[in-house]
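# Residue-level structure breakdown
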Amino acid sequence: LEDAQRVKSLIINQKEESELTMCTDVDRNDKSRICEPGSVKVIGRRQIEMYSRLIHTVDHVEGYLRPEFDALDAFLCHTWAVTVTGAPKTWAIQFVEDQERSPRCWYGGAVGMVGFDGSLNTGLTLRTVRVKDGIAEVRAGATLLYDSSPPAEELETELKASAMIDAIVMGGAEDDDDAGASTSQLMKEAQKKVGDGKNVILIDHEDSFVHTLGNYLRQTGAEVKTLRSGPATLAAIEKMTKEGNKPDLVVLSPGPGNPSDFGLSDSMDVLIKNKIPAFGVCLGLQGMVEYFGGTLGVLGYPMHGKPSEVTLTTNGKDEGSIFTGLPDSFEVARYHSLHGLKERLPSSLQVTALSADDGIVMGIQHKTLPFAAVQFHPESILTSPTHGLTILQNTLRFLNFADDDDEEDTPTSGAEIVAELEKQSVEELQARLRTSGMSTVGSKSELVVRLALFARKSAEFKGGRLELATLTEEELLALGQSLGLKVAVVDDDDKTVLSTIEACLS
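Throughout this description, residue numbers start from 1 for each chain and increase along the sequence as written. The predicted origin of the model limits local features to residues at a pLDDT of at least 70 and limits the giving and counting of side-chain atom pairs to 80 or more, whereas totals for whole chains, interfaces and linings rest on all residues. To obtain the side-chain values, all non-hydrogen atoms of the structure were used and water was disregarded.

### Observations regarding the pairing of strand β5 (residues 129–132)
If DSSP finds at least two bridges between two strands, the strands pair. Comment: elements are numbered from the N terminus, with helices defined as DSSP H or I runs of at least four residues and strands as E runs of at least two. Looking at chain direction, β5 and strand β6 (residues 135–138) are connected through four bridges and run antiparallel. Looking at the pairing, Arg 130 lines up with Glu 137 of β6. A loop of two residues connects β5 with β6, the two strands running antiparallel in sequence, and Asp 133 in this loop sits at a positive phi of about 55 degrees.

Written as structure tokens, this is what we have:
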């Protein structure tokens, strides 16, 4: 994939095209000295050739010798190759002689074979290491044009030399007397993966990329089980939790349609109830946005299989973000029409990444719960595998409930909460109400109902599912009165009701 990007950049690079054009025109000139008129032809233009750590665009030029010339004439008329001298050759060679601090000696020469049939086959001594008297010598260079970038040319020479230098200094399997394994292999085996010992459930929303996503998750070391979305999967997660095998992470896969088509709100209810961290991809992000009170929009132009550059926000650069260790901007793959509207996101969600071209939300993370999601596809070939894997590794590393260690079960349904409260005395109920600033007047049944309502609304508020700012004055008053709070609206601008309820539920 990295090679494909390099090839793309080479093909559109005008400096590289000018450099190759100059070399080819000089080469055609060299051949024209000794070849049959009309036989010198370019039979391949800007073709790709792959070398160790390097990719070249090359032209292939052929010519047929005139009868009075032979292979040695062909060799000598090209000496030395324009790729290592420049042009015009005589002046370029004189410039090299005047400016370079040491003679090139063997560099840019040729090694080859003269056949008994009069043929000659040679290659330039470029990617070459010369070893003499126990000392290895490596040389590298680059072709300079007026529009060359000095830093880029310097990096090119370092890249060309790096393969030979590594061949000299790095040990191989034969250098390990004990294990017979390379140092790099031993290091790989010694590295502990972040997903080792972790159990991940991947909920499939009938997507065509889910198994690649599962493959990436398994590369973190995690044990991954893929389950088709629906009531049976949620029941299986509930069962695993009750049996003490609660998943360490649930991944909400991409998929077609809307989050409601797959009941993502039901999935989120189960995850929050059982305190299971979650990571969403594409549809998974959209489901989280809707669940916590946000709104989805539709793109004017569907982004299916399209590349986009994403830029991390300040929150996305924080330590503990799923983007930790990634560049501030990088290219990703997009497959979506729906998206979370930035201006309609709930306050409980923070934006961690945006698309550079159209400003669409590309990443979110909950402020208090271990939930995060991306709108793009980390498993696509348009997203660097290194970046995709890093995101998933960060997800397993950072998304977890802080109090998730052997805690006692707490009641979650309305009936369970009421049953638990009924066990308490009137004095105990009044003390709890007093702590939250609620009225302590009423029968025991009224106090129980008031505290049960408080427990549910407080959980919704802290989980980001209750957005008080979106409620009307009448709804705020009704909620405040039901909680036993002293609330009243003085005028349209008065925020007393809102702040009183927020203080109570917090």
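Okay, back to it.
### Some details on the pattern of salt bridges
By definition here, a salt bridge exists when the distance from a side-chain nitrogen of Lys or Arg to a carboxyl oxygen of Asp or Glu is within 4 Å. If you walk through the whole model with that rule in mind, you get 18 salt bridges. Where Asp 328 meets Lys 317, a salt bridge forms, and the shortest distance between an N and an O atom there is 3.8 Å. Within this pair, whereas Asp 328 is found in the loop between β11 (296–312) and β12 (329–340), its partner Lys 317 is found in the loop between β11 and β12, the two being separated by eleven residues in sequence. Arg 334 serves as the salt-bridge partner of Asp 357, at 3.7 Å between the closest nitrogen and oxygen. Here the residue Asp 357 occupies a position in the loop between β13 (349–355) and β14 (361–366), and Arg 334 occupies one in strand β12, the gap between them amounting to 23 residues. Because the salt bridges share partners, they merge into one network encompassing Lys 15, Glu 19 and Glu 153.

### Thoughts on the environment of Ser 329
By the element assignment, Ser 329 lies in strand β12. Measuring from C-alpha to C-alpha, the distance between Ser 329 and Thr 311 comes to 4.3 Å, with 18 residues separating the pair along the chain. Beyond its immediate stretch of four places on either side in the chain, Ser 329 contacts Glu 309, Val 310 and Thr 311. Throughout this description, a polar contact denotes any pair of N or O atoms lying within 3.5 Å of each other; where both atoms belong to protein, one of them has to be capable of donating a hydrogen while the other can accept it, and for residues adjacent in sequence the pair is counted only when both atoms sit in side chains. In terms of polar contacts, Ser 329 uses its side chain to reach the side chain of Glu 309, at 3.1 Å. When checking whether two residues touch, look at their non-hydrogen atoms; a contact exists if any pair is within 4.5 Å.

### Quick look at the environment of Val 138
Turning to its location among the elements, Val 138 is positioned in strand β6. Note: C-alpha distance between Val 138 and Met 164 (26 residues apart in sequence) is 7.0 Å. Sequence-distant contacts of Val 138, defined by excluding residues within four places in its chain, comprise Thr 128, Val 129, Ala 161, Met 164, Ile 165 and Ile 168.

### Let's talk about the sheet that holds strand β9 (residues 249–252)
Across the sheet, which stays open at both edges, the nine strands sit in the order β8-β7-β9-β10-β15-β14-β13-β11-β12 with mixed pairing between neighbours. Edge positions in the sheet fall to β8 (223–228) and β12, since each of these pairs with one other strand and no more. Across the sheet, the mean angle from the axis of one strand to that of its neighbour is 25 degrees, orientation sign disregarded. Across eleven bridges, the pairing between β11 and β12 is antiparallel. The partner of Val 298 across the bridge, within β12, is Leu 338. Against the sheet, helix α8 (residues 210–219) contacts β7 (199–204), β8, β9 and β10 (278–281), and its axis sits at roughly 170 degrees relative to β7. Seen against the sheet, helix α9 (residues 231–242) touches β7, β8 and β9 and runs at an angle of roughly 165 degrees to β7. Only the stretch in contact is used when a helix axis is fitted, and all axes are lines through C-alpha atoms; the angle between N-to-C directions ranges over 0 to 180 degrees.

### Observations regarding the packing of helix α10 (residues 264–273) against helix α11 (residues 283–291)
One can describe the packing of α10 onto α11 by two numbers: an axis separation of 9 Å at closest approach and a directional angle of 75 degrees. With respect to each other, α10 and α11 are oriented roughly perpendicular. Contacts between α10 and α11 involve Leu 264, Ser 265, Met 268, Asp 269 and Ile 272 from the former and Leu 283, Gly 284, Gly 287, Met 288 and Tyr 291 from the latter. Its residues assigned to classes, the contact of α10 with α11 comprises six nonpolar, three polar and one charged. Geometric relationships in this document are graded by angle, where less than 35 degrees denotes roughly parallel, more than 145 denotes roughly antiparallel, 65 to 115 denotes roughly perpendicular, and other angles denote oblique. Three residue categories are used. Nonpolar comprises Ala, Val, Leu, Ile, Met, Phe, Trp, Tyr, Cys and Pro, charged comprises Asp, Glu, Lys and Arg, and polar comprises the others, including Gly.

### Some points on the nonpolar core
By size, the foremost hydrophobic cluster in this structure holds 34 residues, and its most contacted members are Val 200, Val 251, Phe 279, Phe 323, Phe 330 and Phe 376. Among the elements of the structure, β7, α8, β9, β10, β11, β12, β15 (371–374) and α12 (385–398) are those that each provide at least two residues to this core. In these notes, a set of buried Ala, Val, Leu, Ile, Met, Phe, Trp, Tyr and Cys residues joined through side-chain atoms within 4.5 Å is what counts as a nonpolar core. For each residue, the accessible area found with a 1.4 Å probe, counting protein chains only, is set against the maximum for its type, and the residue is called buried under 20%, exposed over 50%, and partly exposed in between.

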